[in-house]
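Now for the letters of each chain:
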Amino acid sequence: GSTPVSQELCGSIVRSHRDTSQFRLEELQALRWKLFSREEIHAYQSKSVDEMWQHCAMRLTEAVQYVVEFAKRIPGFRGLGQNDQITLLKTGSMEVVLVRMSRCFNTENSTVFFDGKFASTELFKSLGCGDLMVAVFDFAHSMCALRLTEQQMALFSSLVLINPDRPCLEDRGRAHRMRRDLEVCLKHMLHRDNQESLLHKLYQKVPVLRSLCSLHVEKLHWFSQRYPLTVHSVFPPLYKELFT
Ligand SMILES: CCS(=O)(=O)c1ccc(CC(=O)Nc2nc(-c3ccccc3)c(C(=O)c3ccccc3CC(C)C)s2)cc1
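Per chain, the residues get numbers from 1 upward, laid out in the order the sequence is written. Only residues with pLDDT of at least 70 are given local features in this predicted model, and only at 80 or more are side-chain atom pairs given and counted; all residues enter the totals for whole chains, interfaces and linings. The side-chain figures draw on all heavy atoms in the structure; neither hydrogens nor water molecules are used.

1. What to know about the overall build of the chain
Our working rule: Helix numbering and strand numbering both begin at the N terminus, where a helix is a DSSP run of H or I of at least 4 residues and a strand a DSSP run of E of at least 2. For this measure, only C-alpha atoms enter the radius of gyration; the expected value for a globule follows 2.2 Å times N^0.38, where N is the number of residues. The buried label goes to any residue with under 20% of its type's maximum accessible area, the exposed label to any with over 50%, and the partly exposed label to all in between, with areas taken from a 1.4 Å probe on protein chains only. Residue contacts are defined here by distance: any two heavy atoms, one from each residue, within 4.5 Å place the two residues in contact.
For the chain, the count of helices and strands is eleven helices and three strands. Put simply, the chain runs from its N terminus to its C terminus through helices and strands in the order α-α-α-α-α-β-β-β-α-α-α-α-α-α. Here the chain has a C-alpha radius of gyration of 18 Å; the compact-globule value for 244 residues is 18 Å, and the two agree. When the backbone C-alpha atoms are referred to their principal axes, the chain occupies close to 55 × 40 × 25 Å. Considering the chain as a whole, with its 244 residues, one finds that 46% of them fall into the buried category. Across the chain, contacts joining residues at least 24 apart in sequence account for 79% of those joining residues at least 6 apart.

Rendered as structure tokens:
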């Protein structure tokens, strides 16, 4: 059996994920075949670049807010200094959103849940960042292929967030100890699920997440050069705080 620490820790991470997941899996499954009509897709594609970016930034910020809530409920996260909490969220919240997004992805028709229905990459055409869309969809496909349970996703999300290698952490040692306890939990869970091979596959996703996030920041930089006023005046403050 594992030490009581990890059983308790594992349970609280799973509960935190469930309580902060924005949409339950059952809700997303029920909506899986609710697709945008040709007219609705056309309406999105006729939006201006800055209008569509602003729309996505608001949606994404909502998703990030739930991840911030998830982080705050990870035992030990609140024990970190304010600066370290901000540092981990600044670099890790988008990564966790991307991991979570695989729950709302339908691999059969390559669509993602957006604005209440399922959309393919063509809907996002006016964003002007086709390569980011392809990369996000490819990543979602590869995550779906792992068929993670919600419990496994909860533990993986906490490991993505509590990353002691993030730059300018003040108490790196504390983050290391937290990560070690989380790894014990994940290993126990995968052993229990008889899926030890998943551990290696999950760790292989970490560099992919990092490249996806830098691509997102790169595109945001490109966008903010062209539409400085939009970013400055109408983008959500949290989005600017985390990604600019
Ligand atoms: C995440 C928790 S959940 O309960 O599963 C959930 C909860 C809520 C939703 C609804 C939702 O907000 N969907 C969004 N989809 C996309 C998207 C867009 C392009 C391709 C793929 C998904 C959003 C984005 O804005 C996004 C996301 C990742 C990278 C890049 C972007 C666009 C950039 C320009 C900001 S927001 C979906 C799922």
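2. Notes on the pattern of salt bridges
When the charged atoms of two side chains with opposite charge come close together, those side chains can pair. We apply this condition: The salt bridge definition used is simple: a Lys or Arg side-chain nitrogen within 4 Å of an Asp or Glu carboxyl oxygen.
All chains considered together, the criterion is met by 16 salt bridges. We note a salt bridge from Asp 19 to Arg 73, for which the minimum N-O separation is 3.9 Å. A residue pair is termed long-range when its members are at least 10 positions apart, and Asp 19 in helix 1 (residues 4-19) and Arg 73 in the loop between helix 4 (49-72) and helix 5 (82-101) qualify at 54 residues. Between Asp 181 and Arg 180 there is a salt bridge, with its nearest N and O atoms 3.5 Å apart. By relative accessible area, which is 26% here, Asp 181 ends up partly exposed.

3. What to know about the packing of helix 4 against helix 9 (residues 197-226)
Where we set the bar: All axes are obtained by fitting lines to C-alpha atoms, using only the stretch in contact for helices, and the reported angles, taken between N-to-C directions, cover 0 to 180 degrees. Each angle receives one of four descriptions, namely roughly parallel if under 35 degrees, roughly antiparallel if over 145, roughly perpendicular if within 65 to 115, and oblique otherwise. Crossing handedness follows the turn of the near helix against the far one: under a right angle anticlockwise gives a left-handed crossing, and clockwise gives a right-handed one.
As a packed pair, helix 4 and helix 9 sit with axes 12 Å apart at the nearest point and diverge in direction by 140°. Between helix 4 and helix 9, the angle falls in the class oblique. Crossing handedness for the pair helix 4 and helix 9: left-handed. In contact with Val 49, Asp 50, Trp 53 and Leu 60 of helix 4, helix 9 contributes His 216, Lys 219, Leu 220, Trp 222 and Phe 223.

4. Notes on the site of the ligand
Applicable threshold: Residues are labelled near a given molecule or strand when at least one of their non-hydrogen atoms is within 4 Å of it. Whenever a nitrogen or oxygen atom comes within 3.5 Å of another N or O atom, the pair is scored as a polar contact, on the condition that within protein one atom can donate a hydrogen and the other can accept it, and that pairs from neighbouring residues in sequence are kept only if both atoms are in side chains. Amino acid classes used here: Ala, Val, Leu, Ile, Met, Phe, Trp, Tyr, Cys and Pro are nonpolar; Asp, Glu, Lys and Arg are charged; the rest, including Gly, are polar.
Taken together, the neighbourhood of the ligand is formed by 23 residues, with Ser 21, Phe 23, Arg 103, Phe 113 and Met 133 sitting nearest. Within the backbone of Phe 23, an N or O atom sits 3.0 Å from an oxygen atom of the ligand. Cys 56 is positioned with one of its backbone polar atoms (N or O) 3.3 Å from an oxygen atom of the ligand. Residue assignment for the shell around the ligand shows that the elements contributing at least two residues are helix 4, helix 5, strand 2 (111-114) and helix 6 (130-146). For the shell around the ligand, the class distribution of residues is 18 nonpolar, two polar and three charged.

5. Digging into the sheet that holds strand 2
The condition that has to hold: A strand pair is defined by DSSP finding two or more bridges across the two strands.
Overall, antiparallel pairing links the three strands, which are arranged 1-2-3 in an open sheet. In the strand order of this sheet, the two ends are held by strand 1 (105-106) and strand 3 (117-119), each with one partner. One ladder, built from three bridges, connects strand 2 with strand 3; its direction is antiparallel. From the neighbouring strand, Phe 113 faces strand 3, where its bridge partner is Phe 118.

6. Here's the deal with the nonpolar core
The cut-off we apply is this: In this description, a nonpolar core means a group of buried Ala, Val, Leu, Ile, Met, Phe, Trp, Tyr and Cys residues linked to one another through side-chain atoms lying within 4.5 Å.
Of all hydrophobic cores here, the largest spans 77 residues; its most connected members are Phe 77, Leu 123 and Phe 124. Examining the composition of this core, we find that ten residues originate from one element, helix 4, more than from any other. Ignoring any residue separated from it by four or fewer positions in sequence, one finds Leu 123 in contact with Phe 36, Ile 41, Tyr 44, Gln 45, Met 52 and Phe 114.

7. Considering the packing of aromatic side chains
This is how the line gets drawn: Two aromatic rings from Phe, Tyr or Trp, using only the six-membered ring of Trp, form a pair when their centres are within 6.5 Å; if the ring planes differ by under 30 degrees the pair is stacked, by over 60 it is edge-to-face, and anything between is tilted.
This model, assessed by the stated rule, comprises eleven aromatic pairs. Centroid distance Trp 53 to Phe 223: 4.8 Å. Interplanar angle 15°. Geometry classified as stacked. Of this pair, Trp 53 sits in helix 4 while Phe 223 is found in helix 9, placing the two residues 170 residues apart along the sequence. The class for Trp 53 is buried, based on a relative accessible area of 4%. Relative to Phe 118, the ring of Phe 113 lies with its centre 5.4 Å away and its plane at 45°, an arrangement referred to as tilted. Like Phe 113, the residue Phe 118 is buried in the burial classification. Members of the aromatic cluster, each reached through a chain of ring pairs, are Trp 53, Phe 223, Tyr 227, Phe 235, Tyr 239 and Phe 243.

8. Quick notes on helix 7 (residues 150-161)
Where we set the bar: Every helix has an expected span of 1.5 Å times one less than the residues it contains.
The end-to-end C-alpha separation of helix 7 is 16 Å, in line with the 16 Å expected for twelve residues at 1.5 Å each. In terms of residue burial, helix 7 counts as a mostly covered element, since ten of its twelve residues are buried. Turning to helix 7, its buried residues number three or more, namely Gln 152, Met 153, Ala 154, Leu 155, Phe 156, Ser 157, Ser 158, Leu 159, Val 160 and Leu 161.

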